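Analysis of the macromolecular model
Residue-level listing of the chains:
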Amino acid sequence: MRTIGFILQKEFLQIFRNRQMAPIIFFVPIIQMLILANAATFEMKNIKMAIVDHDISSTSRRLMSKFDGSRFFKVTKFSLSDKEAALYMKQGRVNVILTIPSGLERDIYLKNNPEVQISIDAVNQNSAGLAYGYILSIISEFNQDLRVRFGNIKPQRVKIIKTIASYWYNPKLEYQTFMVPGILVILVTLIGLFLSSMNIVREKEIGTIEQINVTPLKKHHFIVGKLVPFWIIALFDLAFGLTMGKIFFDIPIVGSIGLIFCVSSVYLLVVLGLGLFISTITHTQQQAIFVSFFFTIIFVLMSGLFTPVESMPVWAQYINRLNPVAYFIKIMRMVLLKGSGFLDIKWEFISLFIFGIFSIIMAVWRYRKRA
Amino acid sequence: MEVGKNHIIEVRDLVKKFGSFVANDHLTFDVNEGEIFGFLGPNGAGKTTAVRILTGLLLPTSGEIKVAGFDVYRESNKIKKNIGYMSQRFSLYEDLTIYENIRFYGGIYGMSSEEIGAQADLVLNRLNLAHSKDKLVGQLPLGWKQKLAFSVAILHRPAVVFLDEPTSGVDPITRRQFWDMIYRTADEGMTVFVTTHYMDEAEYCSRVSIMVDGRIEALDSPDRLKETFKAKNMNEVFLKIARKR
Amino acid sequence: MKLLRELIKKEFFHILRDRRTLIIIFGIPIVQIILFGYVITNEIKDAKIAIYDKSKDNITMKMTNKMLSSDYFKLVDIINSDREIEVRFREGKIKEVVVFQSGFAKKLEGEGTAFMQIIEDASDPNAARLLSNYTRAIVSDFIDEINPTVRIGRTGPIVPEVRMVYNPQMKGVFTFVPGVMALLLTLISAVMTALSITREKEFGTMEMLLVSPFRPFHIVLGKVIPYISISFINTVVILLISNLVFGLPVRGSIVLLLAEGLLFIITVLSLGILISTSTDSQLIAMMIAMVGLMMPTIVLSGFIYPIENMPFILQLLANLVAAKWFILIIRAIMFRGAGLTFIWKETLILMLMTFLFTALSIKKFRIRLQ
């Protein structure tokens, strides 16, 4: 048992003596969080728009200002020819072209439903879809105005269902509230996976592992000594990240923090086990990095961090049952944002626990002192 | 197999194959307690492989091997408590200080804090490094690193210490000092098993085995080998052996 | 010259012998393309909802049926009390609760107005908004249905005719393939190169190379040429796969595309070299690459999240990310059929970046030699 103490001592000395390591442990979470949480949003605003007005009437001008006034769009080019507008789109200077046909106002009067042409640059199909939605709603509002103005509405008894939407747990629909818990998960994962696997492989690469293998040091002592430092550092970073999240983004922390750390500790078992496993199948730090990166990309993309798990095809959701990151993100969001308790997350917790035990056992079994 | 009172290492018909390549071909030899046993041969002869098998880093393909009275297949961990090892590649942590390295390995071998402290002082004084104990090992010149690595390998007073090409790349003066250390170690009762491709170092050993292409071609004391092969020095002995094949 | 060839060969052997890394380098783009092409999406389907029907009359039944018959929703629970709503949300089993006020049908007939509440679990604000929009759309439809003589709906007078340009089928490939390319090239050209150089430093073999008769310039060249080649091959592979499997077109000049690809490779390469001059440790090099390069490439390049939406500071920061310019260039060439005249500005920026990084690297290198 004492020997674990010696290993821990050596590991911590090595980690912190590396002068560039300490700022990384602090810097990485803050930078990641600040950038990612602020950048990530699917809402659009100031979409660059060109308007080609062939009608030049008061109605067309009102339509233009309706778009210009909306926060979704920014009209950057006015009253051009179709050709010019198309060129601007090709240059990427506008993403949407609204073409108002000549005779718009007249047609509205005459109750011929005139068409307005809208061209959307669909290279980013996400944005295009959103822009489409915004355009439809703006035009729909404008139409309502018109109907009032030109008296298309007959005063008649109509039955209306009014809907009131309430958004719980995130009433202002802030994307950061959604992202930050996920980012914290990524943070913990990076430390637990990359750093641990690289650390062990480093000894392989340098050759000091041979010296260790020749000693009577029991392999599970060695493993504990190698993994525990990163377990501690990851949890510490989590605490740091939570604090930063609170300070900079005012994320809600509704549920029990103790529960969060408890779950994180179990999650780290999974990740550290995987890191150890990776270290047994790689020989160089570079390989360790790449293999870790490979797993991370898959796990993270499918985890529900960026896009909802429920939107994935069924076969993918089945595969996702093996994705520990998905469980952890779900738990984090539930506990932090909704205050879910242990009973609410017990299935996810148990799954993580089983993964953790399995992961460590697999990795320890694979780790051999002998070649 | 009975372990003779004086045989600290017993090897019978050791074979190690890597695929179809035979690295060690039916090696048979004994090492006596307290002697300096030289394992000579050109690069690629299979010396390092044999050492790795004796230290428990590699499993042999076949053969009976006992080190310090323990069987290499089944009692590998007991062997490790009783041996020391200095590998060809570097074995101390460059980003730890001299003292920290000593403390780490001492602890791994189960030495108490007092023992570690005492041994550390001894080593530092002997190597004239007492004032540098907080210096990072990475900052030492190669020769000092080698000597330090050797000292750390015998820190726990093992029965046998294995040295794999310990003087490679080191200047002649340091080599001389290194061998002084080896003599002192043997005097203190530890057996030294040293591999080298420097034939002149063979003169310093009690007995020497010459390995060529995975086989032991000669095994005896340097004097007797020179007599047998009618050679003036070990280099000539080796050349005669090589030519014979 | 022959010496240079030897250096290049040595590096190639290193890479080719490292089967694991190779598999990963070719595996990552394939995996990403599969994930982005088939798995990741924002669309809503089978969203788990619960109904809290305080009325339980024929109108609410019809509305409920209408909702459930769409692919968007899946009924998971019936709620009968206010308290249950909170419990269900906390259990994480449902995303939305639809509440019908009591006496729904009666109020509708009598006063002409009835109220529905749509309660969203907004932990995921995007999904929440989408879901409430869908719900509202269905309600809107339903309103039309119960008012057959009056079209309250969305049509007229102005009819929008929408045309999706460059990507009429709105395929996701268009959005992510440029990003996947940028990411992969960054990984190979920058990260691998940085690691390779720092590894030699860690092992001390770099010193040996430096004192050898090889000129430093040749050493660096010998290191990077293999990575450039691999990146290039990978780019072509990605383009082929996207084209054959997903029908991704290249509407502009392929030669220009590949040339710009090469330029980007060199830009990121110079950045990788710069990273390697900043540290002797592979671990640190990797962390710098991850935080300073990979992460900005994923987040700030416009790959996933449009840059125009980001806070101004981040938009400025995004300009420092080479991938941003590259993605603009790629999108222009591949999808809009743009020629050099359209993208000369971005191309110039990449060149400047390359120049800057290279100059910095040389300067740092010289300083260390002293």
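Residues numbered from 1 in each chain as written. Chains lettered and ligands numbered in written order. Predicted model: local features only at pLDDT ≥ 70, side-chain atom pairs only at ≥ 80, totals over all residues.

With that settled, the discussion passes to the overall build of chain A. Counting its regular elements, chain A contains 14 helices and five strands. What you see for chain A is a C-alpha radius of gyration of 29 Å, clearly larger than the 21 Å of a compact globule of 371 residues, by over 25%. For chain A, the spread of C-alpha atoms along the three principal axes comes to 95 × 45 × 40 Å. (Helix = DSSP H or I, 4+ residues; strand = E, 2+ residues; numbered from the N terminus. Rg over C-alpha atoms; globule rule 2.2 N^0.38 Å.)

Quick look at the overall build of chain C now. When helices and strands are tallied, chain C shows 14 helices and five strands. Computed over C-alpha atoms, the radius of gyration of chain C comes to 28 Å, more than 25% over the 21 Å expected from 2.2 N^0.38 for 370 residues, which places it beyond the range of a compact globule. In terms of overall dimensions, chain C has a C-alpha envelope of 95 × 45 × 35 Å along the principal axes. When each of the 370 residues of chain C is scored for burial, the buried share is 43%. Residue pairs at least 24 apart in sequence account for 77% of intrachain contacts in chain C once pairs closer than 6 positions are excluded. (Buried ≥ 20, exposed ≤ 12 C-beta atoms within 10 Å, placed from the backbone. Contact = placed C-beta atoms within 7 Å.)

If you look at the interface, chain B gives 21 residues, while chain A gives 18 residues. Going through the elements one at a time, helix 2 (76–81) and helix 3 (98–108) of chain B are the ones with two or more residues in the side of chain B that touches chain A. Considering each element in turn, the side of chain B that touches chain A owes the most residues, four residues, to helix 3 of chain B. When the residues that make up the side of chain B that touches chain A are grouped by side-chain class, the tally is ten nonpolar, six polar and five charged. (Nonpolar A, V, L, I, M, F, W, Y, C, P; charged D, E, K, R; others polar.)

Interfaces are frequently sized by the accessible area removed from exposure as the parts join. Per the domain assignment, the segments of chain A are domain 1 (15–40 + 174–366) and domain 2 (47–150). Each of domain 1 of chain A and domain 2 of chain A has a C-alpha centre, and the two are 48 Å apart. (Domains from an automatic or database assignment.)

With that settled, consider the sheet that holds strand 2 (residues 73–78) of chain A. Strand order in the open sheet formed by five strands is 2(A)-1(A)-3(A)-4(A)-5(C), and the pairing between neighbours is mixed. Every interior strand has two partners, whereas the edge strands, strand 2 of chain A together with strand 5 (159–165) of chain C, have only one. Going from strand to strand, the sheet's axes swing by 25° on average, the running direction of each strand aside. (Pairing = 2+ DSSP bridges. Axes fitted to C-alpha atoms, helices over the stretch in contact; angles between N-to-C directions.)

The next point concerns the domain arrangement of chain C. When its domains are assigned, chain C resolves into domain 1 (16–39 + 173–369) and domain 2 (47–146). Taking only C-alpha atoms into account, the centre of domain 1 of chain C sits 49 Å from that of domain 2 of chain C.

Counting from both sides, the interface comprises 98 residues of chain C and, opposite them, 97 residues of chain A. If you list the elements that add at least two residues to the side of chain C that touches chain A, you get helix 2 (19–39), helix 4 (82–91), strand 4 (113–121), helix 6 (125–146), strand 5, helix 7 (172–203), helix 11 (282–300) and helix 13 (322–336) of chain C. The element that contributes the greatest number of residues to the side of chain C that touches chain A is helix 6 of chain C, accounting for eleven residues. Class assignment of the residues belonging to the side of chain C that touches chain A gives a composition of 57 nonpolar, 21 polar and 20 charged. For strand 4 (residues 115–121) of chain A and strand 5 of chain C, the ladder comprises seven bridges, and the chain directions are parallel. Across the sheet, residue Ser-119 of chain A finds its bridge partner in strand 5 of chain C, namely Arg-163 of chain C.

A separate point is helix 7 of chain C. Residues lying three or four places apart along an α-helix face the same way, a consequence of the helix completing one turn every 3.6 residues. Residues and elements named next belong to chain C. Given a rise of 1.5 Å per residue, 32 residues ought to cover 46 Å, and the 45 Å separating the end C-alpha atoms of helix 7 matches this to within 8%. Its maximal kink placed at Leu-187, helix 7 deviates by approximately 25°. Burial within helix 7 is extensive, with 28 of its 32 residues counted as buried. Phi turns positive one or two residues past the end of helix 7, at Gly-204, with a value near 85°. (Expected span 1.5 Å × (residues − 1). Bend = angle between axes of the 7 residues up to and from the residue.)

Let us look at the environment of Phe-115 of chain C. All names here are of chain C. Secondary-structure assignment places Phe-115 in strand 4. Phe-115 sits in the partly exposed class, given 15 other C-beta atoms within 10 Å. Separated by 121 residues in sequence, Phe-115 and Val-236 have C-alpha atoms that sit 57 Å apart.

Here we have five strands laid out as an open sheet, ordered 5(A)-4(C)-3(C)-1(C)-2(C), and mixed in their pairing. Bordering the open sheet on either side are strand 5 (160–168) of chain A together with strand 2 (73–78) of chain C, each of which pairs with just one other strand. Along the sheet, successive strands turn relative to each other by an average axial angle of 25°, direction set aside. In the sheet, strand 1 (residues 47–53) of chain C pairs with strand 2 of chain C via five bridges, with the strands oriented parallel. Paired with Ala-47 of chain C across the two strands is Phe-73 of chain C, which belongs to strand 2 of chain C. Relative to strand 2 of chain C, helix 3 (residues 58–68) of chain C is tilted by about 130°, and along the sheet it contacts strand 1, strand 2 and strand 3 (96–100) of chain C.

On to the confidence of the model for chain A. Confidence along chain A averages 87 in pLDDT terms, with 97% of residues attaining 70 or more. Within chain A, helix 10 (residues 257–281) of chain A carries the highest mean pLDDT (93), whereas helix 2 (residues 21–39) of chain A carries the lowest (78). (pLDDT = per-residue confidence, 0-100.)

Glancing now at the nonpolar core. All names here are of chain C. Judged by nonpolar contacts, the single largest core of 285 residues is most densely connected at Ala-322 and Phe-326. When residues in this core are grouped by element, the largest group, 18 residues, is from helix 7. Beyond its immediate chain neighbours, meaning those up to four positions away, Phe-326 contacts Ala-182, Phe-264 and Leu-350. (Core = buried A, V, L, I, M, F, W, Y, C linked by C-beta atoms within 7 Å.)

Attention now goes to the packing of helix 2 of chain C against helix 9 (residues 216–246) of chain C. Residues and elements named next belong to chain C. Between helix 2 and helix 9, the shortest axis-to-axis distance is 10 Å and the interhelical angle comes to 30°. Considering their axes alone, helix 2 and helix 9 lie roughly parallel with respect to each other. Crossing hand, helix 2 versus helix 9: right-handed. Residues Ile-25, Phe-26, Pro-29, Ile-33 and Gly-37 of helix 2 form the contact with helix 9, whose participating residues are Ile-230, Asn-234, Ile-238, Ile-241, Ser-242 and Phe-246. Of the residues in the contact of helix 2 with helix 9, the class split is eight nonpolar, three polar and no charged. (Parallel < 35°, antiparallel > 145°, perpendicular 65-115°, else oblique. Left-handed = near helix turned anticlockwise from the far one by under 90°.)

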